[in-house]
Structure formats: structure tokens, C-alpha cells
Amino acid sequence: MNEKLSAFNGVNNIYKISFDGKKAEEYVEQNLNVLLIRDKHAFLLPEKNSFELTDDEYDYLLNLGDEACLEVNETGRIANVFGKRYDNTLYITDKCNSNCIMCPMAEVTRRDGHNVPFEILKELVRYMPPDMEHLTITGGEPFIIREKIFDILNDLKACNKVWGYLLLSNGRVFSNKEYCLRFASSVPEDFLVGIPIHGPNSEIHDSISRSPGSFEQTITGIHNLLATHKVSVEIRIVVNKINASRLSDIAKLITEQFPRVNSVKIMGMEMLGNAFINAETVWIPYEDAFIYIKPAIDYLVHNSVDVQLYNFPLCFIDKSYWNLCANSITDYKIRYLDECNNCQEKNYCGGIFTGTDKFLKGSVKPIFL
Ligand code: SF4
């Protein structure tokens, strides 16, 4: 989230947005902080500070709509935002019990990073607007906060504010059957869990997660989750130099062991953090990666598995596979290179991750139809 309210003069807080004075009063009665907007003028309630909005800031808030909420720090930087639009993210923690060699966060952050305070997570859920189209719950590994995640899920379920969920996890925790059943009993309806499989066997998977035993835990965890019949599972494969030549074997493992998965996402790397530090070991040019991706997709599609390509620009993908390319990179992380200005497909291309752009310099090929 890169937005800022330049003249903001309040304190670090969560605010409910309102364009209606009466509704704003009701929010205050419910003990909610309010950002009341009138004619490009913002009033903070109940403290009654006020400040001017620029045209862009006003349009941004208008676009979020009545009932959305924001977490704003003292400098006016917006740390969290939840609206009825699709792209809402509840970030739980920097920490993770794995330390993947191509993780876009650095090892030190994964190890020593911070958990979002539990009280803040609870408040964010309380402030969220009703009828949110979608919410992604992510980290780090969200289950690092242990039982507290059940509390958050139970709140979301009780408030009934979201239509569809995606939770991203390395899946290891679900190898504990009892924990998996507790999780299944806490989740709201329409709940999808995204779990990565890095290799067709423990040797490759564990060398990427750098966590011995993680392959066995993840595979058992996916089996346990599917057996609950309460959630859907999406398998994620992050393509890198270590696993690229084994993509078809991973596809085979998925169809043999998990024929009921919701979908498979084949993903390009975000070359930051560990991925950048270990670039020599993990980076594979996209045109080389696609040589291995293609037969894996064909195999999955032939076996009736829904597949999508995430984070790959169109010019590295055969045209007959463009329909599988999703615009998956979050807006503020998207980069285009100078060459892209000549590309006829720029409006349809999902672009390049910030950080990965350095690795693709000189290799993007503007498309002329
Ligand atoms: S040239 Fe740029 S805009 Fe065109 S497909 Fe490649 S990355 Fe996308």
C-alpha cells in the first residue's frame, strides 16, 4: 500500500470512511474512529481535527466508498485499507517457520520480523465494511500466531463480511490432524487455502524451503485439509532454477495425489529478499522457464486441472497460452520497461514485479500483432 494523505493531522489509528454525517455519528456511537469526507475536506471524529484532501486523495477515498476503513499512521501513510473492491489483504506476520531460498523477504525478516499485534488484527476485522468481495490472509506464515488465528477466523465468520477468502500458508501446520480439524471448524464459507509444492520429492522441496521434513508435512497437510471437505485447496508452484526441469513431475504428483484440488497456479518469482540474495542459484530466464512450464500445463489441463500462470509477462509466453495468464501482480509492485511502451499488448499484460525487472532487462520483446 503506497497511498498517503498528505495533510493528515491525526494520530496512528484505524478510521471508518463516511461521506454521510448521520452515519458518521452512528459510527462514533459504536466506538469507531471516523474519517468524514465533505467537499474534499476530511474531518476526524471524534477528535474533530480536519484537513484538506488533494484531488487524487479525494478520488482515491471516493473510489473506496462509504464504509471502507483505513489504518493511517502519523505521517498520513496508509498502512492498511479494506473496501468492497476485490484486492483486500489481511497481513498477519513477517515470520515463517520455513526459509525458502526464493522468498521475496530476507531471512532476517522471516526470523526477527514482527507479528501484527493481535488487538490490531481484531480491530481491523471490526472496522471492515460488509459485503467485501474478497480477502486474502497472508504473511509470513499466518499460523505462526498459533491459536490466535482461530480467533480471527471466528470473528470473520461471525461478522459475515467477506464473500470469498484465500489464505496463503506453507501448509506444514495441517499435518497435525487435530489442528487441521480445529481450523476447518473455524473457517467461514467459500474458503480457499493456497499452498506451495516446490518439488516432486522431499529432496527438491526441502532444499527450496530449506526446512527438512517440510515436504512430508505439506503433502500430509494437503491430504488432511481436503479430507475435512470444509475448504478448497489451490497448489502454488514458484518456478525457479532448482525445480523448473521437474515441473512435469510436480504436475504428475498433483494429479495422482490431489485430483480434487481447486486449481494450480504456476508462478514467476519476485526477485527481492532471499530470491535476490540467492539469484545465482534460483534465477532462470523466463523464456527458459516456459520450455518446462508448457508440458506441465498441458499435462494438468489434459487431466482436467484448472491452471493459471501468475506473474509472467505475455511476451515470454506462447500466444496460445495467454488465456491462462492472470494480472496477478499487486498494482503498486508492477513495473514496465522502456521497451514496453512500444508493445501493443501492454494494456493486457500484467507487467513485471519490481525487483524482477532488473533480471529481465534486454529480454522483453514488445509484441506487434
Ligand atoms: S513487452 Fe512489456 S508490456 Fe509487452 S508483453 Fe512484454 S513485458 Fe508485457
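Residues numbered from 1 in each chain as written. Predicted model: local features only at pLDDT ≥ 70, side-chain atom pairs only at ≥ 80, totals over all residues. Heavy atoms only, no water.

A. Geometry of the overall build of the protein chain. Each helix and strand counted, the protein chain has 13 helices and 16 strands in total. Expected size for 369 residues packed as a compact globule is a radius of gyration near 21 Å; at 22 Å, the protein chain falls within 12% of this value. Along the first, second and third principal axes, the C-alpha atoms of the protein chain reach 60 × 55 × 40 Å. Scored against the burial criterion, the 369 residues of the protein chain give a buried share of 53%. Accessible surface, the protein chain as shown: approximately 17000 Å² in total, 48% of it carbon and sulfur. The average position of the 38 basic charges and that of the 49 acidic charges among the side chains of the protein chain differ by 3 Å. (Helix = DSSP H or I, 4+ residues; strand = E, 2+ residues; numbered from the N terminus. Rg over C-alpha atoms; globule rule 2.2 N^0.38 Å. Buried < 20%, exposed > 50% of the residue type's maximum accessible area, 1.4 Å probe, protein only. Areas by Shrake-Rupley, 256 points an atom, 1.4 Å probe, with all protein chains shown as cover. Lys, Arg positive; Asp, Glu negative; His and termini not counted. Charge placed at Lys NZ, Arg CZ, Asp CG, Glu CD.)

B. Up close: the nonpolar core. Counting residues in hydrophobic clusters, the biggest one holds 103 residues, and the most contacted among them are L90, L135, I137, F183, F191 and I293. A total of seven residues in this core trace back to one element, the largest contributor, which is helix α12 (residues 286-302). When neighbours within four sequence positions are excluded, L90 is seen to be in contact with F82, L121, L124, M128, L135, T136, I137, T138 and I152. Listed in part, the 19 residues of the second largest apolar core include I17, I37, L61 and I78. (Core = buried A, V, L, I, M, F, W, Y, C linked by side-chain atoms within 4.5 Å. Contact = heavy atoms within 4.5 Å.)

C. Representation of the pattern of salt bridges in the model. Taken as a whole and judged by the stated rule, the model has 16 salt bridges. The closest approach of N and O atoms between R182 and E147, which form a salt bridge, is 3.4 Å. Here E147 lies in the loop between β8 (132-138) and α5 (148-159) and R182 lies in helix α6 (residues 177-186), a separation of 35 residues in the sequence. Look at R182 and you get partly exposed, because its relative accessible area is 39%. Overall, E147 belongs to the partly exposed group, its relative accessible area being 40%. Across the pair E270 and K333 runs a salt bridge whose closest N-O atoms are separated by 3.4 Å. In this pair, E270 is assigned in the loop between β12 (263-267) and α10 (273-277) and K333 in the loop between β14 (325-326) and β15 (334-335), connecting sequence segments 63 residues apart. (Salt bridge = Lys/Arg side-chain N within 4 Å of Asp/Glu carboxyl O.)

D. The arrangement of the sheet that holds strand β9 (residues 162-168) in detail. In space, the eight strands of this open sheet follow the order β7-β8-β9-β10-β11-β12-β13-β14, with parallel pairing throughout. The open sheet is flanked by β7 (88-91) and β14, the only strands paired with a single partner. Bridge count for β9 against strand β10 (residues 191-196) is four bridges, and the pairing is parallel. Bridge pairing in β10 places L167 opposite V193. (Pairing = 2+ DSSP bridges.)

E. Geometry of empty space enclosed by the protein. As enumerated under the stated definition, the model contains three cavities of 30 Å³ or more in all. One number sums up the size of the largest cavity: a volume of about 110 Å³. Taken together, 15 residues make up the lining of the largest cavity; nearest its centre are P313, C315, C340, C343 and C349. Classifying every residue of the lining of the largest cavity by side-chain character gives 11 nonpolar, one polar and three charged. (1 Å grid on protein atoms, 1.4 Å probe; cavity = no way out; pocket = protein on both sides within 12 Å on 5 of 7 lines; lining within 4 Å. Points joined across faces, edges and corners; volume = space filled by probe spheres on them. Nonpolar A, V, L, I, M, F, W, Y, C, P; charged D, E, K, R; others polar.)

F. Representation of the domain arrangement of the protein chain within the structure. Assigned domains of the protein chain: these are domain 1 (14-79), domain 2 (88-310) and domain 3 (325-369). For domain 1 and domain 3, the distance between their C-alpha centres works out to 35 Å. (Domains from an automatic or database assignment.)

G. Examining the site of the ligand more closely. Neighbouring the ligand are the residues P313, L314, C315, Y336, C340, C343, K346, C349, K365, P366 and I367. Among the detected pockets, the ligand sits in the largest cavity. Its residues assigned to classes, the shell around the ligand comprises nine nonpolar, no polar and two charged. (Near = heavy atom within 4 Å. Sits in = over half its atoms within 2 Å of the grid points.)

H. Local environment of a negative patch on the surface. Side chains of D20, E25, E26 and E29 sit close together on the surface and give a patch of like negative charge. Within the secondary structure, E25 is located in helix α1 (residues 21-29). Under the relative-accessibility criterion, E25 is labelled exposed at 52%. (Patch = residues over 30% accessible without salt bridge, like charges linked within 9 Å, V, L, I, M, F, W, Y side chains within 5 Å.)

I. Here's a closer look at the environment of N342. Here N342 shows up in the loop between β15 and β16 (352-353). When the C-alpha positions of N342 and I367 are compared, they lie 7.8 Å apart, and in sequence the two are 25 residues distant. Setting aside residues no more than four positions away along its own chain, N342 makes contact with P366, I367 and F368.

J. Representation of helix α7 (residues 202-209) within the structure. I204, H205, D206, I208 and S209 are the residues of α7 that are buried. Residues of α7 that are buried make contact with β10 and α8 (214-228). With a side-chain oxygen lying 3.2 Å from the backbone nitrogen of E203, the N-terminal cap of α7 falls on N201. (Polar contact = N/O pair within 3.5 Å; in protein donor to acceptor, adjacent residues only side chain to side chain.)

K. Region of the structure containing the pairing of strand β1 (residues 13-18). The buried count for β1 comes to five of six residues, which makes it a mostly enclosed element. As paired strands, β1 and strand β5 (residues 69-72) are joined by four bridges and run antiparallel to one another. Residue pairing across strands places Y15 opposite L70, the latter belonging to β5. The pairing of β1 with strand β2 (residues 34-38) spans three bridges and is classified as parallel. Its bridge partner being in β2, S18 is matched across the sheet by L36.

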